[in-house]
Amino acid sequence: MKRRDFIRNIASGGGMLMLPLSQDLQANEKADSKIDLSSSPDSLNADVIIAGGGLGGCAAAHAALRNGLTVIMTEETDWIGGQLTQQGVPPDEHRWIETHGATALYREFRKSIRDYYRQHYPLTESAKANSLFNPGNAVVSAIAHEPRVALHVLEEMLAPYVSARRLVILRQYRAVKAHTIGSFVKNLTIRSTIDQHQKILIGQYFIDATELGDLLPLTHTAYVTGAESFEQTGELHAAKEYDPNNNQAFTSCFAMDYVHGEDWKIKQPEDYTFWKDFVPQLSPPWPGKYLELNYSNPKTLEKKDLGFDPRGTPMDDVLNLWVYRRIIDKNNFEPGFYQGDICIVNWPQNDYFLGNIVDVSRKDFDYHVYKGKQLSLSLLYWLQTQAPRPDGGSGWPGLRLRQDIMGTKDGLAKYPYVRESRRIKALFTIIEQHVGVKQRSQITQLSGKDLKSKSYNDSVGIGYYHIDLHPSTAGNNYIDFHSLPFQIPLGALIPVKMENLFPANKNIGTTHITNGCYRLHPVEWSIGEAVGILIPYLMDKNISPQKMYQSQKMIIDFQNIIRDQGIDTQWP
């Protein structure tokens, strides 16, 4: 296989960055360039099998496809897009995202989100003219938008390849078994979540883009879970003792709007009494009951007051949670089009940490996801009935659970927002000493503008987020501190042994601590896109990733290729 040329072309009308196949490949179609059915109708064969249709999976698929490969991608729910769609979390990004710190394709994806609103929604003239249009004018995100809009844009991005049968997306399928020989994965068995029907997927390379690193135990890929100890990593913020079951909280997100003068109270959730009186037992301590308008300041762990007013009324001294992850600000649209704003509830008060969902049985997973949903519904009911109002009253009965926004009957996201996963044992592991401001400054004896994260000669991308760990299943309160703009080292994407399996989500070679800054939307995308280009390179050179990693000449060659495809390897 020859290296595929990179051709950038903005598709007419949609504005999506399309990266089609090279002209010579298009002119010389081969029989094996499409997804082939084997002799059994329940067996599919492609160059690349991707488990998980989240942002990393979609980015990996697009990269592999535009470089001439065929792809089968599975998705456990009926929505691709991962944390941005099925989990209902608007993008968590850094302050430079509009110009750098992500791949060209990711920035074009963001542009297409804005274009979709301009083309299909009745925006005000000022909103339409705003190049940095933010549909929800959220506090935490520069482009807070509806999950379905992200879903539409992602599907538009992949649609040409689906039409050409170069890509098959198998929704509502979960990986249940893998066949491996030595350091190679040969095939993957997937099972329908609807009727239990099974298919076998055969590929040359496999990508684990699942939210919890599901392929790692199935393929016998070495991995770790939970929190490493200080003795293991030397990280300033590491735990005293290693605990494989100490993982960050997950959240069952939901959407709601507010209709003044109407009563949209839900039925009291069965666990409401428990959550209404629940006082978190965390270390350091939480400041009071969970369902209150305050929480532990993530950086200081002191009590921090919060506000809530669904009318969007500005609050001088506290953050109004209504605007925190608001995805629709009615003032961006023609007067009267929306009855009110729409916001996503992914707040401190609905982080669920009373049970672990990483590396547990399906029964335990389902149990804790159900309990996490009960927490979120209890928070909604508390807001509707008991939350303090600025006028001295209590409760906002006009809060309406928006099942349509999440595409579910219960109104909660299709999948829990997962912050921590199984992580591969990689050729290189990123630790706090590489990215944490305090520990990095101690090592380098530098500060201010001179202080940089560790520089990697095998960088395949860049990103940034502060190190942000939510309360954990072992009873830790927030761990939140400053980090530095960082690179993504190739070594963190290569398992120590497996030669044809790669991570493309939160399952790369990080620690419990550094996962806190490598787990967000644009970084996951960058990881997936790099892996999607790595595979055709390895096929072209007929070499294992471990051998390639030993050759600085090959690494430089590969870096030139990915830079040609819009992936920065260094910060300006």
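Residues numbered from 1 in each chain as written. Predicted model: local features only at pLDDT ≥ 70, side-chain atom pairs only at ≥ 80, totals over all residues. Heavy atoms only, no water.

### Considering the environment of Leu 520
Applied cut-off: What counts as a helix is a DSSP run of H or I of at least four residues, what counts as a strand is a run of E of at least two, and both are numbered from the N terminus. Note on contacts: a residue pair qualifies if any of its non-hydrogen atoms lie within 4.5 Å across the two residues.
Within the fold, Leu 520 resides in the loop between α14 (515-518) and α15 (521-541). C-alpha of Leu 520 to C-alpha of Asp 92: the two residues are 428 residues apart in sequence and 6.2 Å apart in space. Here Leu 520 is in contact with Gln 83, Asp 92, Tyr 417 and Tyr 465, once residues within four sequence places are set aside.

### Let's talk about α15
We apply this condition: What a helix should span is 1.5 Å times the count of its residues minus one. Relative accessibility decides the category of a residue: with a 1.4 Å probe and only protein chains considered, values under 20% of the type maximum give buried, values over 50% give exposed, and everything between is partly exposed.
With 21 residues, α15 should cover 30 Å at 1.5 Å per step; its first-to-last C-alpha distance of 31 Å lies within 8% of that length. Among the 21 residues that make up α15, 19 are buried, leaving the element largely enclosed by the rest of the structure. Positive phi shows up at Asn 542, right after α15, with a value of about 55°.

### Brief notes about the packing of helix α2 (residues 55-66) against helix α5 (residues 147-163)
Helix-helix packing: each pair is described by the crossing angle between the helix axes and the interaxial distance. What counts, and what does not: For helices, the axis comes from a line fit to the C-alpha atoms of the stretch in contact; other axes are also lines fit to C-alpha atoms, and the angle between any two N-to-C directions lies between 0 and 180 degrees. We call two directions roughly parallel when the angle between them is under 35 degrees, roughly antiparallel when it is over 145, roughly perpendicular when it lies between 65 and 115, and oblique otherwise. Handedness of a crossing is defined here by the sense of rotation of the near helix relative to the far one, left-handed for an anticlockwise turn of less than a right angle and right-handed for a clockwise turn. Any residue that is not Ala, Val, Leu, Ile, Met, Phe, Trp, Tyr, Cys, Pro, Asp, Glu, Lys or Arg is counted as polar, Gly included; the first ten are nonpolar and the last four charged.
Running from N to C, α2 and α5 cross one another at 30°; their axes reach a closest spacing of 11 Å. With respect to each other, α2 and α5 are oriented roughly parallel. Taken as a pair, α2 and α5 cross one another with a handedness that is left-handed. Along the contact surface, α2 presents Leu 55, Cys 58, His 62, Leu 65 and Arg 66, while α5 presents Leu 154, Met 157, Leu 158 and Tyr 161. Looking at the contact of α2 with α5 residue by residue, the classes come out as 7 nonpolar, 1 polar and 1 charged.

### Observations concerning the pattern of salt bridges
Cut-off, in case you're wondering: By salt bridge we mean one thing: a side-chain nitrogen of Lys or Arg within 4 Å of a carboxyl oxygen of Asp or Glu.
This structure, assessed with the given rule, holds 33 salt bridges. Of the charged contacts, one joins Lys 414 and Asp 78 as a salt bridge, the two residues approaching to 2.8 Å between their closest N and O atoms. Here Asp 78 lies in the loop between β5 (71-75) and α3 (104-120) and Lys 414 lies in the loop between α11 (403-406) and β20 (423-424), a separation of 336 residues in the sequence. A salt bridge links Asp 257 to Arg 400, with the shortest nitrogen-to-oxygen separation between them at 2.7 Å. Here the residue Asp 257 occupies a position in strand β12 (residues 254-258), and Arg 400 occupies one in strand β19 (residues 399-401), the gap between them amounting to 143 residues.

### Considering the layout of surface pockets
Put simply, the rule reads: As defined here, a cavity is a set of points on a 1 Å grid over the protein atoms alone where a 1.4 Å probe fits but cannot get out. A pocket is an open set with protein on both sides within 12 Å along at least five of seven lines, and residues line them when an atom is within 4 Å of a point. Grid points are joined across faces, edges and corners, and a volume is the space filled by probe spheres set on the points.
Each pocket or cavity is described by its volume, and for the largest pocket that value is around 640 Å³. Forming the boundary of the largest pocket are 29 residues, of which Val 140, Pro 298, Tyr 324, Tyr 465 and His 466 lie nearest the centre. Elements represented by at least two residues in the lining of the largest pocket include exactly β14 (303-307) and α9 (321-324). Tallied by class, the residues present in the lining of the largest pocket amount to 15 nonpolar, 5 polar and 9 charged.

### A look at the side chain of Asp 329
Selection rule: Distance and chemistry together define a polar contact, namely a pair of N or O atoms within 3.5 Å, with one atom able to donate a hydrogen and the other to accept it when in protein, and with adjacent residues in sequence counting only for side-chain atoms on both sides.
Looking at the element boundaries, Asp 329 is found in the loop between β16 (326-328) and β17 (342-345). In this structure Asp 329 comes out as buried when scored by relative accessible area, which is 7%. Side chain to side chain, Asp 329 and Asn 137 meet in a polar contact 2.9 Å long. Here Arg 326 takes part through its side chain, which lies 3.5 Å from a polar atom of the side chain of Asp 329. Sequence-distant contacts of Asp 329, defined by excluding residues within four places in its chain, comprise Pro 135, Gly 136, Asn 137 and Asp 341.

### Considerations on the sheet that holds β12
We count it as follows: When DSSP finds at least two bridges between two strands, those strands are taken to pair.
Pairing in this open sheet of 4 strands is antiparallel, and the strands run β16-β17-β12-β19 from one edge to the other. Each edge of the sheet is formed by a strand with only one pairing partner; in this case those strands are β16 and β19. Ignoring strand direction, the axes of neighbouring strands in this sheet form an average angle of 35°. Relative to β17, β12 runs antiparallel, the two being bridged by 4 bridges. Bridge pairing links Asp 257 to Ile 342 in β17. Most of the contacts of helix α10 (residues 362-385) go to β19, to which it runs at about 155°, and overall it touches β12, β17 and β19.

### A look at the side chain of Thr 77
Turning to its location among the elements, Thr 77 is positioned in the loop between β5 and α3. By relative accessible area, Thr 77 is classed as buried at 8%. Of note is the side chain of Thr 77, whose polar atom sits 3.0 Å from the backbone oxygen of Trp 79. Sequence-distant contacts of Thr 77, that is, excluding residues within four places in its chain, are made with Gln 86, Arg 171, Gln 172, Lys 414 and Tyr 415.

### Concerning the confidence of the model for the chain
This is how it is decided: What pLDDT expresses is the predictor's confidence in each residue, scored from 0 to 100.
Averaged over the chain, the pLDDT score is 93; the fraction of residues at 70 or greater is 93%. Here residues 1-32 is a poorly scored stretch, pLDDT under 50, and it has 75 contacts once near neighbours within four places are set aside; other chains count.

### Regarding the packing of aromatic side chains
The description of an aromatic ring pair uses the distance of the two centres, along with the angle that the planes make with each other. Our working rule: Pairs were defined over the aromatic rings of Phe, Tyr and Trp, the Trp ring being its six-membered one, requiring ring centres within 6.5 Å. Orientation was assigned from the angle between planes: stacked under 30 degrees, edge-to-face over 60, tilted for the rest. Cation placement over rings: the criterion is NZ of Lys or CZ of Arg within 6 Å of the ring centroid and within 35° of the ring normal.
This model, assessed by the stated rule, comprises 34 aromatic pairs. Centroid distance Tyr 117 to Phe 333: 6.5 Å. Interplanar angle 55°. Geometry classified as tilted. One end of the pair, Tyr 117, is in helix α3; the other, Phe 333, is in the loop between β16 and β17, with 216 residues separating them in the sequence. Phe 333 carries the same exposure label as Tyr 117, and that label is buried. Taken together, the ring pairs in this structure connect Phe 250, Phe 274, Trp 275, Phe 278, Trp 286, Tyr 290, Tyr 295, Tyr 352, Phe 353 and Tyr 478 into an aromatic cluster. The ring of Trp 264 has Arg 400 sitting right over it, with the charged end atom 5.0 Å from the ring centre. Its guanidinium or amino end placed over the ring of Trp 79, Lys 414 lies 4.7 Å from that ring's centre, counting from NZ or CZ.

### As for α2
With 12 residues, α2 ought to run about 16 Å at 1.5 Å a step, and its terminal C-alpha atoms sit 17 Å apart, in line with that. Within α2, 12 of the 12 residues are buried, which leaves it mostly tucked inside the rest of the structure. Regarding α2, the residues found buried are Leu 55, Gly 56, Gly 57, Cys 58, Ala 59, Ala 60, Ala 61, His 62, Ala 63, Ala 64, Leu 65 and Arg 66. At the exit of α2 stands Gly 68, carrying a positive phi of roughly 95°.

### Some details on the sheet that holds β14
Taken in spatial order, the 3 strands of this open sheet run β13-β14-β15, and their pairing is mixed. Only two strands of the sheet have a single neighbouring strand rather than two, namely β13 (294-296) and β15 (319-320).

### Digging into unusual backbone geometry
In this structure, the amide linkage connecting Ser 283 to the following residue, Pro 284, adopts the cis form with an omega of -10°. The residue Pro 284 is located in the loop between α8 (272-277) and β13 in this model. One non-glycine residue, Leu 301, lies in positive phi territory at about 65°. Positionally, Leu 301 belongs in the loop between β13 and β14.

### Description of the environment of Ala 504
Relative to the assigned elements, Ala 504 resides in the loop between β25 (501-503) and α14. A relative accessible area of 0% means that Ala 504 is categorised as buried. A sequence separation of 448 residues divides Ala 504 from Gly 56, and the C-alpha atoms of the two residues are 5.1 Å apart.

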